[in-house]
Amino acid sequence: MARREHTRNLVVLALVALALTLVPHGVSVYLRSFLLFAMMYVVLALSWNIISGFTGYTSFGHVAFYGVGAYACAILVADYEWHWLASLGAGAVVAAVMAVVIGYPVLRLKGPYFAIAMLGAAEGTRVIATVWDSLTHGGLGISLPSAETSMPTYYAMLALMAVTIVVAYAVGHSRFGIRLNAIREDEGAAEALGIDATRYKLAAFTLSAIFPAVAGGIQAYKVLYIDPPSVFFVQITIAMALMSMLGGKGTVVGPIAGAVLLYTAQELTWVNFPTAHLIAYGLFIIIVARFMPRGLVGFAINRGWIRKGMVH
Amino acid sequence: MGQRPDDIALDVRNLRKAFGGVRAVDGCNFAVPRGKISGLIGPNGSGKTTTFNLLTGIVQPDAGQVLYRGEDIAGLKPFQVFHKGITRTFQITRVFREMTVFENMLSVTSLSVPDGAARARAEELLALVNLTHLRGEYGGRLSYGQQKLLEFARALMTDPDLILLDEPAAGVNRTLLQHLLDHIHRLQERGKTILIVEHDMNVIMSHCERIFVMDYGVKIAEGPPAAIQRDERVIDAYFGRRRQH
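Residues numbered from 1 in each chain as written. Chains lettered and ligands numbered in written order. Predicted model: local features only at pLDDT ≥ 70, side-chain atom pairs only at ≥ 80, totals over all residues.

Undergrad: What should I look at first to understand unusual backbone geometry in this one?
TA: Among all residues save glycine, negative phi is the norm, and among peptide bonds the norm is trans. Residue and element names in this part refer to chain B. With phi around 50°, R69 is a residue other than glycine that occupies positive phi space. Within the fold, R69 resides in the loop between β4 (63-68) and β5 (71-72). Residue classification places R69 among the partly exposed residues on the basis of 13 C-beta atoms within 10 Å. With a phi close to 60°, N130 is a non-glycine residue in the positive phi region. (Helix = DSSP H or I, 4+ residues; strand = E, 2+ residues; numbered from the N terminus. Buried ≥ 20, exposed ≤ 12 C-beta atoms within 10 Å, placed from the backbone.)

Structure, rendered in structure tokens:
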């Protein structure tokens, strides 16, 4: 039963991936770019969801990992002449180390304290990127050598999205994921039932840091210029959170659907109501929060369209 | 009391814990007999729950030892105590509310156990407590009594040797309670050691072989139910003749 569902989901995923592989050749540069950013937000929302949805530690600072990944790529490509793909790996490693260093103390905090500490960690990272002139060129930002990056970054983002979905799916439908859920539900009880919460939280946090770093690197190589305000933009964190909540945090389909819908809505409102797009965007969020407090997936579960729980 | 070390499942020695100026557990000594059902009773505030929390690592002791299989487990973290083979339930149930009943069960088994074995064990225990029909329902949607059963079943997932039950009878109807007590006796028949904290004297007197009575953070009496019921110190502690000092 469960195996059949997994197979079905995998087939759907493979078909979508195939379609996305063929699409970019026939479409405008704008549409290709639109798809790339939609895929990027899927990656960001799903990653945020691993620590904040599955594990219940709401992070308001996840943009820190995205920004660090972007900087790793820009510095290594522009100043050290690395191949951009290799720089993505370096960014992932740096973000993982950073997640352990930040996570170890900060994951002792709970609820709003954790959220605010993460906000501080992200701001701190931005300030470091601004003042550490010799490494980051400070407020001037970094320009990457010009190149045709639209196609390669598209495929890189597609590959990253596929990996992120598979990992998030595997975590969500495993006993590892269930144990993260237990920490979210009642950390004290989880520990009394044999779960080493510190270790699990740190693993989830590190996992949730890696993919945004790679996404940040790809994005840097796509736009060929970064500076601290653009890659440590707090609104990127907010987008991750909103997209997950809209779709249904703590699920796998939720953040994917939320990212696609919200990013599309954002683009449409921006295109059609250039002056009022934030109002339209805000209204959309209010309506969803009012009528679907647990997101689209929660709504579907309440209607009986989807089964409760991740492991059956 | 003439017990050989082999007969003792848990040996609590001179356990102490103060919260500020309140000495909640103040040099407590008792030895839980192996393979039996024992009860821990005492008036409100006598230190029973703190003792439970000390035994399971939820609260760290100021001093004293908790010997389990010849090893001092005092001061270990809750998950470490659990991995020694000691498990507990809570006075107020703590099921994982937004996880299904089945997920609640699976969450307990460590990842080194194969998935198939964990699932089989979960199904078996759910059948035992008659919750199979609710396996896909959220824990938070169960009635209080069903949550008690779920918590009890969940605590057995890893086949622990020592089971600590914190007020299993509280808030449970008679039928369900009888059901729960039957399970407890079955566990004991299979060689498990059970320690119950309970306010319901009927439960304690008719199901425990040995009873420890606490007051003011120390053990004031111990023995079989009949002796405890006649014990002057216990009567004093419960009815307060001694409380003038």
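Undergrad: Honestly, the sheet that holds strand β2 (residues 22-33) of chain B in this entry has me stumped. Any pointers?
TA: Strand pairing in a sheet takes place through backbone hydrogen bonds and is either antiparallel or parallel in direction. Residue and element names in this part refer to chain B. Overall, antiparallel pairing links the four strands, which are arranged β2-β1-β4-β5 in an open sheet. At either margin of the open sheet sits one strand with a lone partner, and together these are β2 and β5. Against the sheet, helix α1 (residues 48-55) touches β1 (8-19), β2 and β4, its axis set at about 65° to β2. (Pairing = 2+ DSSP bridges. Contact = placed C-beta atoms within 7 Å. Axes fitted to C-alpha atoms, helices over the stretch in contact; angles between N-to-C directions.)

Undergrad: Is there a simple way to think about the sheet that holds strand β6 (residues 86-88) of chain B in this case?
TA: All names here are of chain B. The six strands lie next to each other as β6-β7-β8-β3-β9-β10, forming an open sheet whose pairing is mixed. The outermost strands of the open sheet, each flanked by one partner alone, are β6 and β10 (218-223). When the angles between neighbouring strand axes are averaged without regard to direction, this sheet yields 20°. Where helix α6 (residues 174-189) meets the sheet, it contacts β3 (37-41), β7 (162-166) and β8 (193-197), and its direction lies at approximately 145° from that of β8.

Undergrad: In this structure, what is going on with the interface of chain A and chain B? I would like to understand it.
TA: The accessible area lost on association of the parts is a frequent measure of interface size. Chain A puts 21 residues into the contact, and the matching count from chain B is 29 residues. Elements supplying a minimum of two residues to the side of chain A that touches chain B: α8 (175-185) and α9 (187-192) of chain A. The element that contributes the greatest number of residues to the side of chain A that touches chain B is α8(A), accounting for seven residues. Residue composition of the side of chain A that touches chain B, by class: eight nonpolar, five polar and eight charged. (Nonpolar A, V, L, I, M, F, W, Y, C, P; charged D, E, K, R; others polar.)

Undergrad: I tried to follow the environment of A:A64 on my own but got confused; where do I start?
TA: Residue and element names in this part refer to chain A. You can see A64 is positioned in helix α3 (residues 63-78). Take A64: there are 31 C-beta atoms within 10 Å of it, and that puts it in the buried class. C-alpha of A64 to C-alpha of I256: the two residues are 192 residues apart in sequence and 21 Å apart in space.

Just distances and angles here, no functional claims.
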